[in-house]
Every structure is written in structure tokens, then in C-alpha cells.
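What the coordinates show
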Amino acid sequence: MNDTQPLTIWPTDVLVVGGSLTGLSAALFLAHHGVRCVLVERHLDTSPHFRFRGIAARSMECFRGVGIEAAVRAASTQDQRAGGVARMANLAAADVAWLPTPWEDDIAGLSPCAQETCDQDQLEPVLRREAIRRGADVRFGTELLEFHQDADAVHAVVRDRTAEKRYQIRASYLIAADGVHSPVREALGIGRTGPGVLEDRMSVLFRTDLDAAVRGRRFTACVVDDIAATLVPRAGGAWMMTVPFDPRAGAGTGSHWAGLVRAASGRQDAVVELVDTLSWQCAALLADRFHDGRVFLVGDAAHVMPPTGGFGGNTGIHDAFNLAWKLSFVTRGAAPPALLDSYERECRPVAQHTMDQALARHRRWFPATAYATGPAPDTTIVDDNTVMFGYHYRGPGHPPFDEPARPTGLPGTRAPHAPLDEHLSTLDRFGCDLVLLGADPWRVAAARISTEDRIPLRDHSARTGDGVTGAGAVLVRPDGFIAWRCDAAVDDHTSVLRGALDDLGLVTARMTYR
């Protein structure tokens, strides 16, 4: 190839770098909002490792909002909550201790969605297919070589690994979903803070018959003290084992990993079929910034947390859900670019509080790790539903999480769920536009502003469970969070609502916190 020739330029609204869980979610959400996006992923296919598996009910709400809840459930691998977290010397041991699991199974009053277990290697193909079906340009086998940004755009040079061809993508914005070691974050010089690496571990995928050792005991995971391992059952009779790993000693041989599987099972005669291995670091780190000019960090590029609680992948999904509608409003001219500043202001504190919860669980479940020798985290463990439903964007000065069973209806909190009929929830009314809930005078004002100001604003009559009081009104964002409310009677509904939209950033990009 003649490198002196100018590169072909491919224009788009958003370039997504990274095609794993968060990147594919971002592409799906952007495409749902009608945003032109190109996703590049250097690997030729989606991940064969399950890694993330427990989709929180809040994340299922996000998938429901873009119409893929049924598709995700169809790819379900097993009921993650079918058992607790066991602790044994090995699977053959008679004594079992059950670790405390801070989750509640019954969430019918909180959400129209139940949590789901879908191993990442099964979920990613669903996200990829549905993103493409909605118009996302998804390019696996394509790696980012370099990028720079100016006042007008992000200019990226990428390489098609199969065709050995380079070209340039010119995007209005870039989403870095390129993982824990994010080259994009590193290129921007964004540092990270936090406890750091807690330990190096190796994930070993294998098949063997453990029915006799398990003896009918049902568990989501089993901590095996003999070798400081964790065993996790997978669909189709497969298993995953994670064990401490010293990267200085090399990757290890197949016989070494098979021997550890036998030690964990308590059966030296077990026939072990190794499928794959993957080294990784159990770590807790938070990017100092989630935003640099036209570039935004999401998922592991922005935050990495211990797997205890399964919060990392879900928080990445929530990052993408928060950012996608804002990019949609900005790229279609419904809001100024300054609206995007609220992404970091909202999502970074949530990631910090969620990481603290994962750390507190890690310390309780695995007290022998190096982290246990350091300062104890000053974090009270709250249940999983509070972490996943109770996060909010109310700003500093408030508790980290709200109580989801007692929704306040305040700006910055998730709009409450209430059933409309057997299949529909109040949450199903939110999606691509702002939604105004209120009586007829507010709805008339919303219709006028939508037409005159060309703001994507729809209206609905208030119903029981919406949190609307008397003659008041509530404005809900496309991601289902309350943006503004008015509980008092007013004379000029149009002026009041227009002023609220101004405060929310459609003119000044200023989020209203109360």
C-alpha cells in the first residue's frame, strides 16, 4: 500500500471503539435513537468467554426500552439466582458454608423486568445483531491505529485486519469502550485512582462431570478454599474456574490447569476437557475524567471493579444508556453540545459508589486477598437492588443510593414503575423523547413547545403511580430519569415549562439538581 496516498474518509456521527458488552450496547442504543454510528473492534468475533453474566433488572429495563428484552431472554443460559454463593474446601467436602448474598428475588413492585442470566458470549451476538438491524455499522476485525480531535470532529485512522487496508473515520464524537487497559484513555493522558489491582487471576473454561461431587447442591458460585478458586456453573454442562495467577510464571500448561480443576472438584480421577483460558486482573480503579473534549469513556475504560456483585458490566450498560440519548439530542440539534458535560457529572459519582459496594462485597467474600491488608473501606453494604435501582443523578450532598421501594419522584431519580395493564408499565412510555406527565394544561403547553421550539417532547396524561400531584407535572428524560417537576398550580404553563427546559440544558445545558 502506498502510504503517501490520502486515506478514504468515512463520515459518521459517533465512532465507538470496542465491540464487547459496553461498546455493542452503546452502538445499539445510539442506533435506536437514530444516531449514525460506526463501531470498530480489533478482534474478528465476539468473546468466547462469559465474563459478565448477571444482567440486573435495571439493565433489562434498558434493553426493554430498545425492544430487545425478549431477544435477550431467549439467549438466557441459566437462572443465576437459583442458588447462593457456597464456600467449601472442595466440591467433595461434606461441609458447606453459605456466604451472605445481598439480593432480593422479588422485585415485582420495583420493575416490569426481572433480572436475567445470559453469559456474555451468548449476549454479545444478540447485541451485535440487534445493533446492526437498527442501522449501526459494526466492523469487527478493524482496529484503531490513531486519532486526534479538533474543534469540529474526531479524526481516526483504522485498519481493516482482513483486507490490510487503512482508512480514516471522521466522527463528531468518539465513545471509548476499549476495556480496562483502554488505549484511548491512555492516549488522552487520563489517569485512574483507587485501590488498584487486588490480584491477578486466570479463568479456565472446562468440561467434566461434576454431578457426583455437586450432589444436587445448587449454587451461583462456589468458593473453593483448598486452591483459593471460584467455580461457576455454566450452561450446557460447562464450568468456569478462576484461580490466582502469577503472570511472571507464564501462562501454565494444560496439565497444570487440569490438575487444579481436579483439586477443586476433590476428584483426582476426573476427566477434564479444557476449553480455553483467559488471564485478568481483579481491580478497583476509576478514571479521573470520563470526558475529554469530543471523547467519552464508558464501561471498563472508565471504571473497573471487582466482580463481586456483578456490577461492572451493568454499570457500563447504564453509562451507554445515559450517554446515547444526550448524543442523540446534540447530533440532531435538539440541544447544544454542553449538554454532554452532564455525562461525567452524573455517571462518575455513580461508578464510584458502585465500585465501593463491589469492594465491600469482595472484602467480605474473599478476606484473604491482598486488599484485606489495607485500609477497610468505609462502606455499608446495601442490597443489590438498591445499587442497581437506587443510583441517582441528584448531585453531591445526598446519600449514595435512594431506597427504590420508596421512590421520591425528585429530579435526578429514576421514574417509578407502576403497571398500566398486564403487560405495560409506566416505564414503557419513555424512550427517545422527553415526556411530560400532567393534566391537560401542561399537555397543551408541551404540544405548543414541541411544535414551536422543535424540541423532542411528548405528553401523557398523569396516572396513579407517576408521582404527579394535583395540578403539577413531571418531566422525564429518555433514559427514564426525572428531569424536572412542578407541584404547584401556575398561571402560564407554557412559560414555566419552557423555562424548565432552558434550565435542563436545551439552551444552557445546565442540569437542575434539587
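Quick caveat, the model's predicted, so the values are computed rather than measured.

Parameters and conventions
Residues numbered from 1 in each chain as written. Predicted model: local features only at pLDDT ≥ 70, side-chain atom pairs only at ≥ 80, totals over all residues. Heavy atoms only, no water. pLDDT = per-residue confidence, 0-100. Contact = heavy atoms within 4.5 Å. Axes fitted to C-alpha atoms, helices over the stretch in contact; angles between N-to-C directions. Helix = DSSP H or I, 4+ residues; strand = E, 2+ residues; numbered from the N terminus. Parallel < 35°, antiparallel > 145°, perpendicular 65-115°, else oblique. Left-handed = near helix turned anticlockwise from the far one by under 90°. Nonpolar A, V, L, I, M, F, W, Y, C, P; charged D, E, K, R; others polar. Buried < 20%, exposed > 50% of the residue type's maximum accessible area, 1.4 Å probe, protein only. Pairing = 2+ DSSP bridges. Polar contact = N/O pair within 3.5 Å; in protein donor to acceptor, adjacent residues only side chain to side chain. Salt bridge = Lys/Arg side-chain N within 4 Å of Asp/Glu carboxyl O. Expected span 1.5 Å × (residues − 1). Phe/Tyr/Trp six-rings, centres within 6.5 Å; stacked < 30°, edge-to-face > 60°. Disulfide = S-S within 2.5 Å.

Some points on the confidence of the model for the protein chain
- Looking at the protein chain as a whole, the pLDDT averages 88, with 91% of positions reaching at least 70.
- When the criterion is pLDDT under 50, residues 508-514 qualifies, and its contacts beyond four places in sequence or with other chains add up to 27 contacts.

Focus: the packing of helix 11 (residues 440-453) against helix 12 (residues 493-506)
- Close contact between helix 11 and helix 12 brings their axes to 9 Å; oriented N to C, the two are set at 60°. The orientation of helix 11 relative to helix 12 falls into the category oblique. The handedness of the crossing between helix 11 and helix 12 is right-handed. Only His493, Thr494, Val496, Leu497, Arg498 and Leu501 of helix 12 make contact with helix 11, whose side of the interface consists of Pro441, Trp442, Ala445, Ala446, Arg448, Ile449, Glu452 and Asp453.
- Across the contact of helix 11 with helix 12, the residue classes break down as eight nonpolar, two polar and four charged.

Overview of the pairing of strand 21 (residues 473-476)
- Burial of the side chains of strand 21 extends over both faces: Ala473 and Leu475 are buried on one face and Val474 and Val476 on the other.
- Summarising the sheet, strand 19 (residues 434-438) and strand 21 pair through four bridges and their orientation is antiparallel. Paired with glycine 438 across the two strands is alanine 473, which belongs to strand 21.
- As judged from the four bridges shared by strand 21 and strand 22 (residues 482-486), these two strands associate in the antiparallel manner. The residue bridging leucine 475 from the neighbouring strand is tryptophan 484, located in strand 22.

Things to note about the side chain of aspartate 479
- Among the structural elements, aspartate 479 can be located in the loop between strand 21 and strand 22.
- Side chain to side chain, aspartate 479 and arginine 477 meet in a polar contact 2.7 Å long.
- In this structure aspartate 479 touches Arg58, Phe321, Asn322, Trp325 and Tyr393, once residues within four positions along its chain are discounted.

So, the sheet that holds strand 21
- The four strands lie next to each other as 20-19-21-22, forming an open sheet whose pairing is mixed. Each edge of the sheet is formed by a strand with only one pairing partner; in this case those strands are strand 20 (457-461) and strand 22. Adjacent strand axes in the sheet meet at a mean angle of 20°, parallel and antiparallel pairs treated alike.
- Against the sheet, helix 11 touches strand 19, strand 20, strand 21 and strand 22, its axis set at about 165° to strand 20.

What to know about the pattern of salt bridges
- For the coordinates displayed, the defined rule picks out 32 salt bridges.
- Salt-bridge contacts for glutamate 116 lead to arginine 73; the nearest nitrogen and oxygen are separated by 3.0 Å. Pair noted here: glutamate 116 is in strand 6 (residues 116-117) and arginine 73 is in helix 3 (residues 69-74), with a separation of 43 residues, a long-range link.
- Judged by its relative accessible area of 13%, glutamate 116 falls in the buried class.
- One continuous salt-bridge network, built from bridges that share partners, spans Arg64, Glu69, Arg73, Glu116 and Asp428.

Quick notes on the side chain of histidine 417
- Turning to its location among the elements, histidine 417 is positioned in the loop between helix 10 (384-390) and strand 19.
- Residue class for histidine 417 comes out buried when judged on its relative accessible area of 14%.
- Polar contacts involving the side chain of histidine 417 include one to the side chain of serine 425, which spans 2.7 Å.
- Every residue in contact with histidine 417, bar those within four places of it in the chain, is listed here: Ala108, Gly109, Leu110, Ser111, Pro112, Ser425, Thr426 and Leu427.

Section: helix 8 (residues 311-331)
- Along its 21 residues, helix 8 runs 30 Å from first to last C-alpha, staying within 8% of the 30 Å computed at 1.5 Å per residue.
- The buried fraction of helix 8 amounts to 20 of the 21 residues, a majority that puts the element mostly inside the structure.
- Two residues or fewer past helix 8, glycine 333 is found with a positive phi of approximately 80°.

Comments concerning the packing of aromatic side chains
- Going through the model one piece at a time under the given rule, you end up with 11 aromatic pairs.
- Arranged with centres 6.2 Å apart and planes meeting at 35°, the rings of phenylalanine 29 and phenylalanine 63 form a pair that is tilted. In this pair, phenylalanine 29 sits in helix 1 (residues 21-32) while phenylalanine 63 sits in helix 2 (residues 57-65), placing the two residues 34 residues apart along the sequence.
- A relative accessible area of 1% means that phenylalanine 29 is categorised as buried.
- What makes phenylalanine 63 buried here is its relative accessible area of 0%.
- Relative to phenylalanine 321, the ring of phenylalanine 29 lies with its centre 5.0 Å away and its plane at 75°, an arrangement referred to as edge-to-face. You can see phenylalanine 29 sitting in helix 1 and its partner phenylalanine 321 sitting in helix 8, a full 292 residues away along the chain.

Here's the deal with helix 2
- Most of helix 2 is tucked away, with eight of its nine residues classed as buried.
- When we look at burial in helix 2, the residues that qualify are Ala57, Arg58, Ser59, Met60, Glu61, Cys62, Phe63 and Arg64.
- Two residues or fewer after helix 2 comes glycine 67, characterised by a positive phi angle close to 80°.

Concerning the packing of helix 2 against helix 8
- One can describe the packing of helix 2 onto helix 8 by two numbers: an axis separation of 9 Å at closest approach and a directional angle of 35°. Like other packed secondary-structure pairs, helix 2 and helix 8 cross with a definite hand, here left-handed. Along its contact with helix 2, which presents Arg58, Ser59, Cys62 and Phe63, the element helix 8 presents Asn314, Ile317, His318 and Phe321.
- Across the contact of helix 2 with helix 8, the residue classes tally to four nonpolar, three polar and one charged.

Here's the deal with the environment of alanine 177
- Turning to its location among the elements, alanine 177 is positioned in the loop between strand 10 (165-176) and helix 5 (183-188).
- Residue alanine 177 is classed as buried on the basis of its relative accessible area, which comes to 9%.
- C-alpha separation for the pair alanine 177 and glycine 438, spaced 261 residues apart in sequence, amounts to 38 Å.
- Contacts of alanine 177, omitting those with residues within four sequence positions, involve Val17, Gly18, Thr22, Gly23 and Val298.

Points about the state of the cysteines
- A complete count under the given rule lists zero disulfides for this structure.
- Unpaired in this structure, cysteine 62 has its nearest cysteine sulfur neighbour in cysteine 113, at a distance of 9.1 Å.
- Assessed through its relative accessible area of 0%, cysteine 62 is described here as buried.
- Free cysteine cysteine 118: the closest other cysteine sulfur is in cysteine 113, separated by 14 Å.
- The class of cysteine 118 is buried, set by a relative accessible area of 0%.

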